[in-house]
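Residue-level listing of the chains:
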Amino acid sequence: MAEVVIVENPAAAGELVAAEIERLVRERPDAVLGLATGSTPLPVYEALRRRVGALELGRVRGFALDEYVGLDPAHPESYRSVITREVVEPLGLDPRLVRVPDGGAATIRHAGDDYEAAIAEAGGVDLQILGIGTDGHIGFNEPGSSFASRTRVKTLTEQTRSDNARFFASIDDVPRHCITQGLGTILEARHLVLLAFGEQKAQAIAAAVEGPLSAMLPGSAIQLHPHTTVVVDEAAASLLAQADYYRYTFAHKPDWQGL
Ligand code: F6R
């Protein structure tokens, strides 16, 4: 089962995950990171930013999880722009080493296959950062997504569009389609780190960690992975039946084990 770590606040989660990324990059300076966008991973990126200078990230390679289809890459809310603004520039990554799926009309038919090939060529993702949608999606694999799915175009649910409307002037501006790594793609990363904060994520987290495996709750795919770490605050952990066990386990974890 996934290791569940319940932390005091998002900043503590950011520190914990950044420390794990630091350990990885010190061991492997050209490590491959799977990069999530949205609000959840920001504390991780902030904690990494505090390490810049002491930690050299210029050889790190990155693959974003997803991108909107039909949004100009120059739009401030395209995931290309978000990754550039929140990750590449502040952390001093080499932009040539960081890929985002191409949601443009000219290449969309083969963009999924191209992305899969690029991930394979990089040798796969070492550590995949994940958030979770209130409807249980990871990446933009909406309910019903196959556990074997690969990078492809998906239609966003109205729930996801409305959750993401906060980034746009109005909900009408939120794209209806996206291109996302599939659940099968995500499951091939060597280490999954799923973060969630706030009460609005509690149901999705409980279902993903403790519920039955179901394509209707795509986040439950993490149960198929041998190395998943779930980092949540108290509010997002509030519906976990085994919360006390997770606290006990983490408190008694051997020092050598790492995340
Ligand atoms: C983002 C992504 C999504 C988000 C999820 C949660 O690249 O793939 O799965 O992680 O929608 O979004 P936030 O973090 O904004 O609540």
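Keep in mind that this is a model prediction, so the values were computed, not measured. (Residues numbered from 1 in each chain as written. Predicted model: local features only at pLDDT ≥ 70, side-chain atom pairs only at ≥ 80, totals over all residues. Heavy atoms only, no water.)

Moving on, we come to the overall build of the chain. Looking only at helices and strands, the chain has eight helices and 10 strands in total. Relative to a compact globule of 259 residues, whose C-alpha radius of gyration would be 18 Å, the chain shows 17 Å and is just as compact. Seen through its C-alpha atoms, the chain measures out along the principal axes to roughly 55 × 40 × 35 Å. Every one of the 259 residues in the chain was classed for burial, and the buried ones make up 54%. Intrachain contacts of the chain at a sequence separation of at least 6 include 77% that bridge at least 24 residues. Per element, the accessible surface of the chain, about 11500 Å² overall, is 53% carbon and sulfur. Side chains of the chain carry 23 positive and 35 negative charges; the gap between the two charge centres is 4 Å. (Helix = DSSP H or I, 4+ residues; strand = E, 2+ residues; numbered from the N terminus. Rg over C-alpha atoms; globule rule 2.2 N^0.38 Å. Buried < 20%, exposed > 50% of the residue type's maximum accessible area, 1.4 Å probe, protein only. Contact = heavy atoms within 4.5 Å. Areas by Shrake-Rupley, 256 points an atom, 1.4 Å probe, with all protein chains shown as cover. Lys, Arg positive; Asp, Glu negative; His and termini not counted. Charge placed at Lys NZ, Arg CZ, Asp CG, Glu CD.)

Close to the ligand lie 14 residues, the nearest being Thr 40, Asp 66, His 137, Gly 139 and Lys 201. In this structure, an oxygen atom belonging to the ligand sits 2.7 Å away from a side-chain N or O atom of Thr 37. The separation between an oxygen atom of the ligand and a polar side-chain atom of Lys 201 is 2.7 Å. For the ligand, whose free accessible area comes to 410 Å², the fraction covered by protein is 93%. Looking at the shell around the ligand, its residues break down into three nonpolar, eight polar and three charged. (Near = heavy atom within 4 Å. Polar contact = N/O pair within 3.5 Å; in protein donor to acceptor, adjacent residues only side chain to side chain. Nonpolar A, V, L, I, M, F, W, Y, C, P; charged D, E, K, R; others polar.)

This part takes up the pairing of strand β8 (residues 177–180). In this structure, strand β4 (residues 66–68) lies alongside β8, joined through three bridges in antiparallel fashion. Along β8, the bridge assignment pairs Glu 67 with Ile 179. By the bridge criterion, four bridges tie strand β7 (residues 152–155) to β8 in an arrangement that is antiparallel. Looking across to β8, one finds that Lys 154 is bridged to Cys 178. (Pairing = 2+ DSSP bridges.)

This part covers helix α4 (residues 108–121). Taking 1.5 Å per residue as the helical rise, α4 with its 14 residues ought to reach 20 Å, and the 20 Å between its terminal C-alpha atoms agrees with that figure. Within α4, the full set of buried residues consists of Ala 111, Gly 112, Tyr 115, Glu 116, Ala 118 and Ile 119. Contacts from the buried residues of α4 go to β3 (61–64), β5 (98–99), β8 and α6 (183–186). Just past α4, the residue Gly 123 takes up positive phi, approximately 90°. (Expected span 1.5 Å × (residues − 1).)

This brings us to the sheet that holds strand β1 (residues 3–7). Pairing is parallel across the open sheet formed by seven strands, whose spatial order is β1-β10-β9-β6-β2-β3-β5. Whereas interior strands pair on both sides, the edge strands pair on one side only; in this sheet they are β1 and β5. Pairing geometry for strand β9 (residues 191–196) and strand β10 (residues 228–233), over five bridges, is parallel. Bridged to Leu 192 within β10 is Thr 228. Packing of α4 onto the sheet brings it into contact with β3 and β5, and relative to β3 it is tilted by some 150°. (Axes fitted to C-alpha atoms, helices over the stretch in contact; angles between N-to-C directions.)

This next bit is on the packing of helix α1 (residues 10–27) against helix α2 (residues 42–49). Viewed as axis vectors pointing N to C, α1 and α2 meet at an angle of 60°, and their least axial separation amounts to 7 Å. Relative to α2, the element α1 is oriented oblique. Both α1 and α2 take part in a crossing whose hand is right-handed. Two secondary-structure elements touch here, α1 through Pro 10, Ala 11, Gly 14, Glu 15, Val 17, Ala 18 and Ile 21 and α2 through Pro 43, Val 44, Ala 47 and Leu 48. Looking at the contact of α1 with α2, its residues break down into nine nonpolar, one polar and one charged. (Parallel < 35°, antiparallel > 145°, perpendicular 65-115°, else oblique. Left-handed = near helix turned anticlockwise from the far one by under 90°.)

Moving on: the pattern of salt bridges. For the structure shown, the criterion picks out 19 salt bridges. Close ionic contact of Arg 51 with Glu 15 constitutes a salt bridge, the shortest N to O distance being 3.2 Å. Remark: Glu 15 occurs in helix α1 and Arg 51 occurs in the loop between α2 and β3; sequence separation between them is 36 residues. Taking relative accessible area as the criterion, Arg 51 reaches 14% and is therefore assigned buried. (Salt bridge = Lys/Arg side-chain N within 4 Å of Asp/Glu carboxyl O.)

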